[in-house]
Amino acid sequence: MQLRNSAAFIGPVVLLAAALLHQGADAFAPAAVGRLSLRPSSLAQNAGVPNFLRLAPKLRTASSTLRMAVSDEAGIATSPGAGGFFTTSNPEDRRVGPESVNGRKKFKVVYVVLESQYQSSMSVACKRINAGQDNVCVESVGYLLEELRNPETLEAFKRDVESANIFIGSLIFVQELAEKVVEVVEPLRSKLDAVLIFPSMPDVMRLNKVGSFTMAQMGQSQSVIGEFMKKKRQENGASFEGSMLKLLRTLPKVLKYLPSDKAKDARSFMLSFQYWLGGSPENLESLLLMMADSYVYEGLNQVKADAIAEPVLLPDIGIWHPLAPRVFEDSTEYNTWYDNEHAPSIGVNPQTAPTVGVILQKSHINTKDESHYTSLIQELEARGARVICLYSGGLDFSGPVDDFFTRGAVVPDSVINLTGFALVGGPASQDHDKAVETLSKLNRPYLCAVPLVFQSFEEWKASELGLHPIQVALQVSLPEIDGAIEPIIYGGRDGLTGRTVPLPDRINLLADRSLKWANLRMKKNKDKKLAISIFSFPPDKGNVGTAAYLDVFGSILAVGKELKRQGYNVGDMPDTAEGIMDSVLNDKEARVGSPYLNVEYKMNIDEYKELTPYASELEENWGKPPGQLNSDGLNLLVYGKKFGNVFIGVQPSFGYEGDPMRLLFSKSASPHHGFAAYHSYLERVFGADAVLHFGTHGSLEFMPGKQVGMASSCYPDRLINSMPNLYYYAANNPSEATIAKRRSYSATISYLTPPAENAGLYKGLKELGELVSSYKGLRENEARGPSIVNSIVSTAYTCNLDKDVTLPAEDADAKTMSLEERDDVVGKIYGRLMEIESRLLPCGLHTVGVPPTAEESIATLVNIASIDRPEDNIQSLPRLLASSRGRDIEEVYRNNNNGVLEDVSLNQEITEATRAAVRTLVMRSTNAQGRVESVSPMASVMDRMQGGTPWKRALKDAGFDMDDQAMAPLFNYLEVGLTKIVADNELGALIGALDGKYIVPGPGGDPIRNPDVLPTGKNMHALDPQSIPTSAAVDCAKVVVDRLLERLAADAGGEYPESIAFTLWGTDNIKTYGESLAQVLQLVGVRPVPDSLGRVNKLELIPLEELGRPRVDTVVSCSGVFRDLFINQMNLLDRGIKMAAEADEPLEMNFVRKHALEQAEELGVSLRDAATRVFSNAAGSYSANVGLAIENGGWEGEQQLQEQFISRKGFAFNADRPGMMEAAGDVFRSSLSRVDCTFQNLDSSEISLTDVSHYFDSDPTKVVAGLRTDGKKPMSMIADTTTANAQVRSLSETVRLDARTKLLNPKFYEGMLSTGYEGAREITKRLRNTMGWSATAGEVDNFIYEDANSVFIEDEDMRKRLLETNPNAFRDMITTFLEANGRGYWDTSEENLDRLRELYQDVEDRIEGVM
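Residues numbered from 1 in each chain as written. Predicted model: local features only at pLDDT ≥ 70, side-chain atom pairs only at ≥ 80, totals over all residues. Heavy atoms only, no water.

Colleague: Help me understand the packing of helix 30 (residues 819-838) against helix 34 (residues 901-923) in this model?
Modeller: The contact between helix 30 and helix 34 brings their axes to 8 Å, and the two run at 25°. Between helix 30 and helix 34, the angle is such that the two are roughly parallel. Read as a crossing pair, helix 30 and helix 34 show a hand that is left-handed. Together, Asp823, Val826, Gly827, Tyr830, Gly831, Met834, Glu837 and Ser838 of helix 30 and Leu901, Val904, Ser905, Gln908 and Arg915 of helix 34 make up the contact between the two elements. Taken together, the residues that form the contact of helix 30 with helix 34 break down as 5 nonpolar, 5 polar and 3 charged. (Axes fitted to C-alpha atoms, helices over the stretch in contact; angles between N-to-C directions. Helix = DSSP H or I, 4+ residues; strand = E, 2+ residues; numbered from the N terminus. Parallel < 35°, antiparallel > 145°, perpendicular 65-115°, else oblique. Left-handed = near helix turned anticlockwise from the far one by under 90°. Contact = heavy atoms within 4.5 Å. Nonpolar A, V, L, I, M, F, W, Y, C, P; charged D, E, K, R; others polar.)

Quick look at the structure:
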């Protein structure tokens, strides 16, 4: 057969061949990191994760499972990576050569792969060649990509490539390691006879060389074919992928008949790819012989022709079972075989058995490397379950799931994805929306288990970090966006053979948990048992039912009513929140101390040991059981109350909160006996079918263990064991929710934070606002104007605004000032007043299942309207309004911040107009009860008749003449936002989960920045960690850093700070898509650069000429949660800071290098080690325990707090040794001793400095002062990006703002008190957290304590309300005041102190029942 015009046909065919390799290679051309997106699913799709067809195949047999699980212990390191590497495996174990050459020609093959499973197939293939070929023999050696981090291994790799004939690379997708491969292979490419690169980064793909076939243009241009394929894939999804797989098989047959060398070489490449995908020793033997025959010994006829066979491949999609006679392509046929032949043979009743659906990787089946699959199937069937397993040759599993599960003959009761990847796209370009649509139709619990790739199972078991960061990004973070739960490790590679090893205890756990989820679907509601866990923190002080911004007992009541309506047995559960609380607390007056709580169960020591296999391991930390906690001296006590089949239990605390010595330990202690007994009771005595943890957050997920990828020795894993774990979590806290998902296998259900309101003005501040209004009308009146200014200044002093604004002396007379000077004074005061007035504060507490009213929605919607959204082509309403006056809103904000009276007034006009316009939008859809029933559509006809939309008319009344058409995009967006704000699925998601259904996933974060957080009731996820910082975050970061340095330089006589101590938080970086991460890079003068796939993992130095200032040394303290979620970004930071330290620049322009050189000499270490600046807790530990000490009063002095900070936060991340967190106290102290400023970010109005203890827990201000040789206290600064008008304030300014808008604000404390018991606790918590800032930074003004004492202690009616509402919280408040005075933080009168002491005794007597 001869094709005409074959030359014209070759080019497109070669392009098509290349495109097929990536299923549309041009989709993976270099892409800049995009603007901040409010659609995280889209963001994740575009984050540039590689698109390869499938994982490399593995080779092993099912029969060797147990033998291999044992033999893997030989020959591998059991440390967490010697020298700090994740793996210590040896490439020499993969070297195979002929025993004797015997005059044959020898060719050499070097290969680099992501995973190790090719080792076995390649070794067998080479042995077959050496035994069966007369004229040729082969030597091969293989390298795992991760091994190339080791400099010695990299040198060995280079030597091997220099003497090689053929180089093969596959799945090389780690940027820094891909660069090493290119660096070695590219100079030798012309010397090599052939280079085969299968799906990898474009830079690596360009190394391909098969005769005249290359991919030199890979990723560098758009092609018509690539664009066509990308479009068709989007349109047709799984069916298109199937067509591409068929085409991959067909192309070599077409190319065979084209006469040119280019066609022959393209055919050779495509056949090579098929052989590689086949993965068996036979396929790889044919691959090596074909390449040797055609390119190493071309034309010499050295290879036996009959040894090169056609590729042997299975069907692309099918249903597989290890004992089935064949692969099935129809679910009815499979179920007929299973139910009629297989099930009876193993004793499974198909009529009553639960069915578990399992998703597999085809490559493992191709190569008989399925022992880990077989092991799980056998365990499921041994427990009486049916199993149906599907696979796909591509990475879009949506079609097979639809065909075989959703529309199959038997729909599974639960589903496990054993590939470890996202459902659609795998580790490639995910389509999360399509995955969610597919899984929503299936509507079953969806578990995604993870096989180890970069570590052997012994290396993983020994590692404190757990799962490799790259696997966390690809195989945990991305599946979570699909709605996957429970990332359980179930298989790992054998260190010597590279084969897959099933991990028996993990397989057992996975089988148990999947069947527990299936059981929820099959069991009748009346028989289901639900354990509700509530937290008590700090313990023993009126804090039972602690949860962030949640009315816990009111929410339990709502859940109880819904459970009863759904047919659950709730026994005699009270019908009021107060009744439920009394039942659990037992003694209404006590409302605290564990001894007074209701004891539901007493567990004796013998029973405890029998039910808790690891009990003896707790004795190292806690002694013999029962111990002192949750104990009566003889038994372990389980606190709570049972109502029918519902148990409401009080989860025990950590146990070491009040122990100064335990708080100092650098690593956290194990759970105490009472904690273990509580969870043993839930599972083995009460028999919970599911656990529901109520509210953010508990202690289970923060117990010691690996960061991600739990082992059976990890305490979260041991404690939750097989129980499905549902978790109501605040929607604004995705980072800690993610920790709960990964470490305690939680399926989270987001709940709304309370509706926000503007703080407003009160008392003296309100009077001051009225005086400013009077002045604005009479400012030019020389008689009245100066007099009003005098009153303004006097009242400002009374309100302590002299701490924030430079005021004239109290006795100064404004008559001596010019009009401009008077305007300047009033403008600065007015600006500070409006800052207080407009600040958002959550009012009250949220009750699950109760959406906000229309009125309560307004403030949130106003703030949504105030942010520009360039990705949606939407301008904020303030920007539109400013433009209508010919002004730029950024200039208005800047002048407002500087106290320019005219622009402070304009900014307030814009603010009030925005509120009025949004109010009209909301009121349009509000019913008589004040609730938004359904958002009214845009009534355009009626609007035209009435002179425009209601918001246009409202704006006109406010003095702004606006065009409806210009505002339409914004108000359409706001209408959608309103729909989301008032929607609710918090109860619906819970009931669905208890019915064994899929919980629809959604992002967590700030609903103002990202309205897609709403509606709540979603299985919350974070984001793809490789996608941050986004370009928008980098832009925002530069603004903040410039303002920070301007402020610090202004306060220091024009001198830049040399070093800044910087705190990084997990949630903040999720909400802002990496703004604070980008701030660190900006400070040191390093720019994040997307790699060729758009992932953020490259860096470049910003030239000093462009930077325009010195590089500022930055000591980074990462929260434990940030470490767990963003260890890849810690790698980025460490590389960036060391890049700056190694830059040969003048020391006066590079403080990073200046300090690193000093420290290298001081500590006797290398420059790179001296430049270590990225610190956190030890793996598995969280926080500095400073908050725990202060919240419980368990601290002897500030020195103890400072020692805790250094001992617990002094573990360094080192990109050169990424496999461990290293104790690095010396370099941590040395670095902190040079710090000039401490710095943190506030990104959300919902959580501020005194709302939680986290912020002061991680504040090193006094630590730095104690370490500096000059004893000088550093500046303390806070960046506030909670509004569009980002500002940088001092810590003391921010504490004052926080106190004025919350603790001292009647709107706040009255809103809290209206919720009763829990609200009183919230007020006390903020006072205690305020004292925390005194302890760690000394930045709390005396007047804050004094005014708080006036509000809560001097007022008799207020004292009475607090005492009646929550006597223990009131006692804690009194204790806090006395402690603040005793520690020197509050100077007050003896009269106040005497009153407090007397009150303390009165409250103590009341609690003890004396009164």
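Following the structure, the description resumes.
Colleague: Sorry, what's going on with the nonpolar core here?
Modeller: The tendency in soluble globular proteins is for nonpolar side chains to be buried as a group. The biggest cluster of nonpolar side chains holds 198 residues, and the ones touching the most others in it are Leu418, Ile534, Ile648, Phe694 and Tyr728. Beyond its immediate chain neighbours, meaning those up to four positions away, Ile534 contacts Val544, Gly545, Val552, Phe553, Ile556, Val584, Ile648, Gly649, Val650, Gln651 and Phe694. Listed in part, the 98 residues of the second largest apolar core include Tyr549, Trp1195, Ala1224 and Ala1320. (Core = buried A, V, L, I, M, F, W, Y, C linked by side-chain atoms within 4.5 Å. Buried < 20%, exposed > 50% of the residue type's maximum accessible area, 1.4 Å probe, protein only.)

Colleague: Would you mind going over the packing of aromatic side chains with me for this structure?
Modeller: The relative placement of two aromatic rings is captured by the distance of their centres and the angle of their planes. Enumeration according to the criterion identifies 32 aromatic pairs in this entry. Centre to centre, the rings of Phe213 and Phe269 are 4.8 Å apart; their planes meet at 25°, and the pair counts as stacked. Taken together, the residues span a long stretch of sequence, with Phe213 in strand 6 (residues 213-214) and Phe269 in helix 10 (residues 261-278) at a distance of 56 residues. Assessed through its relative accessible area of 1%, Phe213 is described here as buried. We classify Phe269 as buried; its relative accessible area is 0%. Counting every residue linked through ring pairs, the aromatic cluster contains Tyr118, Phe198, Phe213, Phe269, Phe273 and Trp276. If you follow Lys529 out to its NZ or CZ, it ends over the ring of Phe686, 5.5 Å from the centre. It is Arg885 that lies over the ring of Phe960; its NZ or CZ is 4.2 Å from the centre. (Phe/Tyr/Trp six-rings, centres within 6.5 Å; stacked < 30°, edge-to-face > 60°. Lys NZ or Arg CZ within 6 Å of the ring centre and 35° of its normal.)

Colleague: I'm lost on helix 32 (residues 877-884) in this one. Help?
Modeller: Since the α-helix packs 3.6 residues into each turn, any two residues three or four apart lie on the same face. Taken across its 8 residues, helix 32 has 6 buried, putting it largely inside the fold. Positive phi appears at Gly886, one or two residues downstream of helix 32, with a value of about 75°.

Colleague: Just to check I follow, could you spell out the pairing of strand 3 (residues 166-170) for this structure?
Modeller: The side chains of a regular strand alternate, residue by residue, between the two faces of the sheet. Buried residues dominate strand 3, accounting for 5 of its 5 residues. Neither face of strand 3 is open: one carries Ile166, Ile168 and Ser170, the other Phe167 and Gly169, and all of them are buried. Across 5 bridges, strand 1 (residues 105-113) lies against strand 3 in parallel orientation. Within the sheet, the bridge partner assigned to Tyr111 lies in strand 3 and is Ile168. Where strand 3 meets strand 4 (residues 194-197), 4 bridges bridge the pair, whose relative direction is parallel. Bridge assignment links Ile168 to a residue of strand 4, and that residue is Leu196. (Pairing = 2+ DSSP bridges.)

Colleague: I would appreciate a short explanation of the environment of Ala669 in the present structure.
Modeller: Along the chain, Ala669 falls in the loop between helix 24 (660-664) and helix 25 (673-685). Placed 15 residues apart in sequence, Ala669 and Phe654 show a C-alpha to C-alpha distance of 8.5 Å.

Colleague: Sorry if this is basic, but what is going on with the side chain of Thr748 here?
Modeller: Here Thr748 is to be found in strand 22 (residues 746-751). Residue class for Thr748 comes out buried when judged on its relative accessible area of 0%. A distance of 3.0 Å separates a polar atom in the side chain of Thr748 from a polar atom in the side chain of Asn1019. Dropping the residues within four chain positions of it, Thr748 is found in contact with Tyr727, Ala737, Lys741, Ile999, Lys1018, Asn1019 and Met1020. (Polar contact = N/O pair within 3.5 Å; in protein donor to acceptor, adjacent residues only side chain to side chain.)

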